[in-house]
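Okay, here's what each chain looks like letter by letter:
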Amino acid sequence: MRLVIKTGSATLSKKNGGLDAKAIGRIAKQLAYAHKRGHDVIVVSSGAIAAGVGRLKLKERPKELQAKQATAAVGQVALMHEYEKALSKYGIIPAQLLLTREDLMNRKRYTNVRHTLLHLLSHRTMPIINENDSVSTDEIQFGDNDSLSSIVAVKVRADKLILLSDVPGLFEQDSRGRLTNRVIPLVKRVTASMEKKADINSGSKLSVGGIKTKLAAAKRATSSGIETWIASGTAPDTIEKILNDVTGAGTRFLARLS
């Protein structure tokens, strides 16, 4: 299968900024599990700004555009360094692609990106994609890697999109609209009501997206025939469970063709 796996800042970073090497190691082990079984694995990884926050010893994620761009430029180096160290233990060569929205919306540029990705996969490398936050403007202001991962999944005709998060899935809501601790195991279709109730404040101070962006990503991917999951990025065996159809792996969104 061809898998697009998205990892968020809250999963990869420490509470007050900086990368969590143990967390990246845990993710790398799961990526290696899928890779070893012959699957094509494309990673869409957040974490550059969070890493920069740690390297520059900032108290919180910067708010001004230029400060975000500079922080991302510092952090991207640290992020890829940690992936390189973690994946090398399994003999996997990572490859870095920094993209803007235009790279995937302009047909000529998208075709070049697709050819590059397919060529990297043919060499059994693992492409790691992130938004080019150090130069982008619109993306860094309101973009998120949930959206990017779903667009990538559609463009490369992935079989599964897995959104690893700091939550174990999509939580049920009670009659008053309050979130419970029960994870919805299966969603046949993302409805307007579901989107309206999405908790837009679930992101941490180091991340951009929340449940709302994940639902939008799931809607885009599933409508193109790609099964999508929202699952825990902190559990040690999430990807293994998903690939082996183990119950309780997270929330599964059924693929459909609109």
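Residues numbered from 1 in each chain as written. Predicted model: local features only at pLDDT ≥ 70, side-chain atom pairs only at ≥ 80, totals over all residues. Heavy atoms only, no water.

Chemist: I tried to follow the sheet that holds strand S8 (residues 186-187) on my own but got confused; where do I start?
Modeler: Spatial strand order, S3-S4-S2-S1-S5-S9-S10-S8: eight strands in an open sheet with mixed pairing. Taken across any chain shown, the strands that pair with only one partner, and hence form the sheet edges, are strand S3 (94-99) and S8. Pairing geometry for strand S1 (residues 2-7) and strand S5 (residues 160-165), over five bridges, is parallel. Opposite Ile5, over in S5, you have Ile162 as the bridge partner. Running at roughly 170° to S5, helix H10 (residues 211-222) makes contact with S1, S5, strand S9 (227-232) and strand S10 (250-253) of the sheet. (Pairing = 2+ DSSP bridges. Helix = DSSP H or I, 4+ residues; strand = E, 2+ residues; numbered from the N terminus. Contact = heavy atoms within 4.5 Å. Axes fitted to C-alpha atoms, helices over the stretch in contact; angles between N-to-C directions.)

Chemist: What exactly am I supposed to notice about helix H2 (residues 21-36) here?
Modeler: Three- or four-residue spacings in an α-helix give side chains the same orientation, since the helix completes a turn every 3.6 residues. Counted at 1.5 Å a residue, the expected span for H2 with its 16 residues is 22 Å, and the 22 Å between its end C-alpha atoms agrees. Residues of H2 that are buried include every one of Ala23, Ile24, Ile27, Ala28, Gln30, Leu31, Ala32, Tyr33, Ala34 and His35, and no others. Among the residues of H2, the N-terminal cap falls to Asp20, whose side-chain oxygen and the backbone nitrogen of Lys22 are separated by 3.1 Å. (Expected span 1.5 Å × (residues − 1). Buried < 20%, exposed > 50% of the residue type's maximum accessible area, 1.4 Å probe, protein only. Polar contact = N/O pair within 3.5 Å; in protein donor to acceptor, adjacent residues only side chain to side chain.)

Chemist: Help me understand the pattern of salt bridges in this model?
Modeler: Working definition: two side chains of opposite charge can pair if their charged atoms are close together. In the structure shown here, the tally under the stated rule is 12 salt bridges. For Glu60, the salt bridge goes to Lys63, with nearest N and O atoms at 3.1 Å. Overall, Glu60 belongs to the partly exposed group, its relative accessible area being 43%. Using a relative accessible area of 64% as the deciding quantity, one classes Lys63 as exposed. (Salt bridge = Lys/Arg side-chain N within 4 Å of Asp/Glu carboxyl O.)

Chemist: Looking at this model, I keep getting lost on the nonpolar core. Mind explaining?
Modeler: Soluble globular proteins tend to bury their nonpolar side chains together. One finds Val4, Ile42, Ile129, Val152 and Phe253 to be the most contacted residues of the largest nonpolar core, which totals 33 residues. Counting residues per element, the ones that place at least two in this core are strand S2 (40-45), S3, helix H6 (107-122), helix H8 (145-155), S5 and H10. Residue contacts for Val4: discarding those within four places in its chain leaves Ile42, Val44, Ser149, Val152, Ala153, Val156, Ala158, Lys160, Leu161 and Ile162. In this structure, Ile5, Tyr33, Ala78 and Ile162 belong to the second largest nonpolar core, which totals 31 residues. (Core = buried A, V, L, I, M, F, W, Y, C linked by side-chain atoms within 4.5 Å.)

Chemist: What's the story with the packing of aromatic side chains in this structure? I'm lost.
Modeler: Two aromatic rings, taken as a pair, are described by how far apart their centres are and by the angle between their planes. Going through the model one piece at a time under the given rule, you end up with zero aromatic pairs. Between the NZ or CZ atom of Arg37 and the centre of the ring of Tyr33, over which it lies, the distance is 3.5 Å. Over the ring of Tyr110 we find Lys155; its NZ or CZ atom is 4.6 Å from the centre of that ring. (Phe/Tyr/Trp six-rings, centres within 6.5 Å; stacked < 30°, edge-to-face > 60°. Lys NZ or Arg CZ within 6 Å of the ring centre and 35° of its normal.)

Chemist: Would you explain the environment of Ala32 in this entry?
Modeler: Secondary-structure assignment places Ala32 in helix H2. Distance from Ala32 to Asp146, taken between C-alpha atoms, is 22 Å for residues 114 residues apart in sequence. Excluding residues that lie within four positions of it along the chain, Ala32 makes contacts with Tyr90 and Ile92.

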